[in-house]
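Structure assessment
In case you want the letters, here they are:
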Amino acid sequence: MVREIVSHDDGAIYEFHPDLEPIATVADGAELTVETRDSLDGAVQAEADVIEAVPEEVNAATGPIAVEGAEPGDVLRVEIEDVRVAEDRGRVITIEGFGLLDGHEDVEAPRTRMTPVDDDGETIRFDGLEVPIDPVIGTIGVAPEPESYTTLVPHDHGGNLDTTDMSAGNVAYFPVFREGAMLAMGDCKAAMADGEMCGTGSEIATEIDVSLEVIDDPAIDLERPLVETPDAWKPIVSAETLEEACELANRDAMGLLSAEHGFDETDAYLFSSLVGGLEISQVVDPLVTVRNAVPKAYLSDPLRG
């Protein structure tokens with residue numbers, strides 16, 4: 001199958017809303033290369049370039065891409081085959097009014113540090129220190145229902161999840177709320193830590209290879225994003241507080257375990273405390289995001305039963 005290219009030059013969104021119009025329509029099973037620009041739209045090219053406040057439009061997500069046959073109640077499977085950096089530098093910044101330590105007197109905002117890509121293409125540099133390149137898709141999601149969310153906000157549709165598992169070799173699953181699903185992605189990082197503490201990773205343009213599949217009549221009613229790694233299934237939840245997000249992520253994991261093993265709620269709760277693992281994705285966006293890792297030894301394929 002020929003791999004179709006969908007570029008940010010064709011179109012990009014700054015808001016996920018129920019009435020998105022596609023810039024491309026692809027078949028179920030399509031293999032794509034999605035080209036993205038950096039989350040700051042090229043505004044920062046040197047350390048003298050600083051961002052004084054969070055822009056009204058940020059985290060451009062290439063798309064939306066309609067997938068033929070995707071209907072509400074289905075699940076869109078997005079296999080992330082590869083993520084390649086597509087420019088010779090990234091940038092990590094502080095912005096006043098944003099970040100885990102916003103307002104602390106000893107943390108300067110705004111400030112920019114450029115993170116040039118080494119000639120080997122395997123590392124970036126921060127003030128002379130090497131950091132391995134491990135690209136992450138920061139914003140990825142589908143059209144929501146019924147509300148709208150900017151690309152700065154994560155929610156049940158996906159969006160600005162800033163989750164390090166959104167990376168090559170993993171598979172993301174999204175509930176389909178609108179016909180065609182309307183997939184969009186961008187806001188990639190050359191490297192990013194769990195938590196994204198200052199509010200950014202090394203923001204950079206990328207090329208993303210994905211393959212898409214519509215799962216109709218899924219074995220479970222998926223309400224929020226789910227990511228599959230080689231070792232685990234991880235429900236992803238965004239909420240106003242870390243405690244609320246952790247609670248929902250644990251309940252989602254309990255639902256997967258109950259479907260697999262026939263547990264009642266209490267046994268699923270007990271077992272989750274033995275085998276689950278809460279992980280922080282990000283703590284800086286308007287909602288915080290966590291995931292709960294359940295090893296594949298205890299879950300086979302929850303969407304196909």
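Read on for a plain summary of the structure. What you are looking at is a predicted structure, and each value in this text was computed from that prediction instead of being measured.

1. Overview of the packing of helix α1 (residues 242–261) against helix α2 (residues 265–275)
In a pair of packed helices, the angle between the axes and the distance between the axes together describe the arrangement. With their axes 9 Å apart at the nearest point, α1 and α2 run at an angle of 110 degrees to one another. Put simply, α1 runs roughly perpendicular to α2. In the packing of α1 onto α2, the handedness of the crossing is right-handed. On the side of α1, the interface is formed by Asn250, Arg251, Met254, Leu257 and Ser258, while α2 contributes Glu265, Ala268, Tyr269, Phe271 and Ser272.

2. Brief notes about the nonpolar core
Leu76, Val78, Ile137, Met166 and Ile208 are the most contacted members of the largest nonpolar core, which has 31 residues in total. For this core, the secondary-structure elements that each account for two or more residues are β4 (24–26), β5 (31–36), β6 (61–67), β7 (75–85), β12 (136–141), β16 (171–175), β17 (183–189) and β18 (206–215). Discounting chain neighbours no more than four positions away, the residues touching methionine 166 are Ile80, Pro135, Val136, Ile137, Ile140, Leu161, Ala172, Phe174 and Ile236. One finds Val75, Tyr173, Leu226 and Leu256 within the second-largest nonpolar core, a separate group that totals 16 residues.

3. Section: the layout of surface pockets
By volume, the largest pocket is sized at about 330 Å³. Forming the boundary of the largest pocket are 20 residues, of which Ile93, Thr94, Val107, Glu108 and Cys198 lie nearest the centre. The set of elements that each furnish at least two residues to the lining of the largest pocket consists of β8 (89–94) and β9 (111–116). Counted by class, the lining of the largest pocket contains 11 nonpolar, five polar and four charged residues. Taken as a whole, the second largest pocket spans an internal volume of roughly 240 Å³. Lining the second largest pocket are 14 residues, with Val92, Ala191, Ala193, Thr200 and Gly201 sitting closest to its centre. Class assignment of the residues belonging to the lining of the second largest pocket gives a composition of nine nonpolar, four polar and one charged.

Reading the values: the criteria
- Residues numbered from 1 in each chain as written.
- Predicted model: local features only at pLDDT ≥ 70, side-chain atom pairs only at ≥ 80, totals over all residues.
- Heavy atoms only, no water.
- Axes fitted to C-alpha atoms, helices over the stretch in contact; angles between N-to-C directions.
- Helix = DSSP H or I, 4+ residues; strand = E, 2+ residues; numbered from the N terminus.
- Parallel < 35°, antiparallel > 145°, perpendicular 65-115°, else oblique.
- Left-handed = near helix turned anticlockwise from the far one by under 90°.
- Contact = heavy atoms within 4.5 Å.
- Core = buried A, V, L, I, M, F, W, Y, C linked by side-chain atoms within 4.5 Å.
- Buried < 20%, exposed > 50% of the residue type's maximum accessible area, 1.4 Å probe, protein only.
- 1 Å grid on protein atoms, 1.4 Å probe; cavity = no way out; pocket = protein on both sides within 12 Å on 5 of 7 lines; lining within 4 Å.
- Points joined across faces, edges and corners; volume = space filled by probe spheres on them.
- Nonpolar A, V, L, I, M, F, W, Y, C, P; charged D, E, K, R; others polar.

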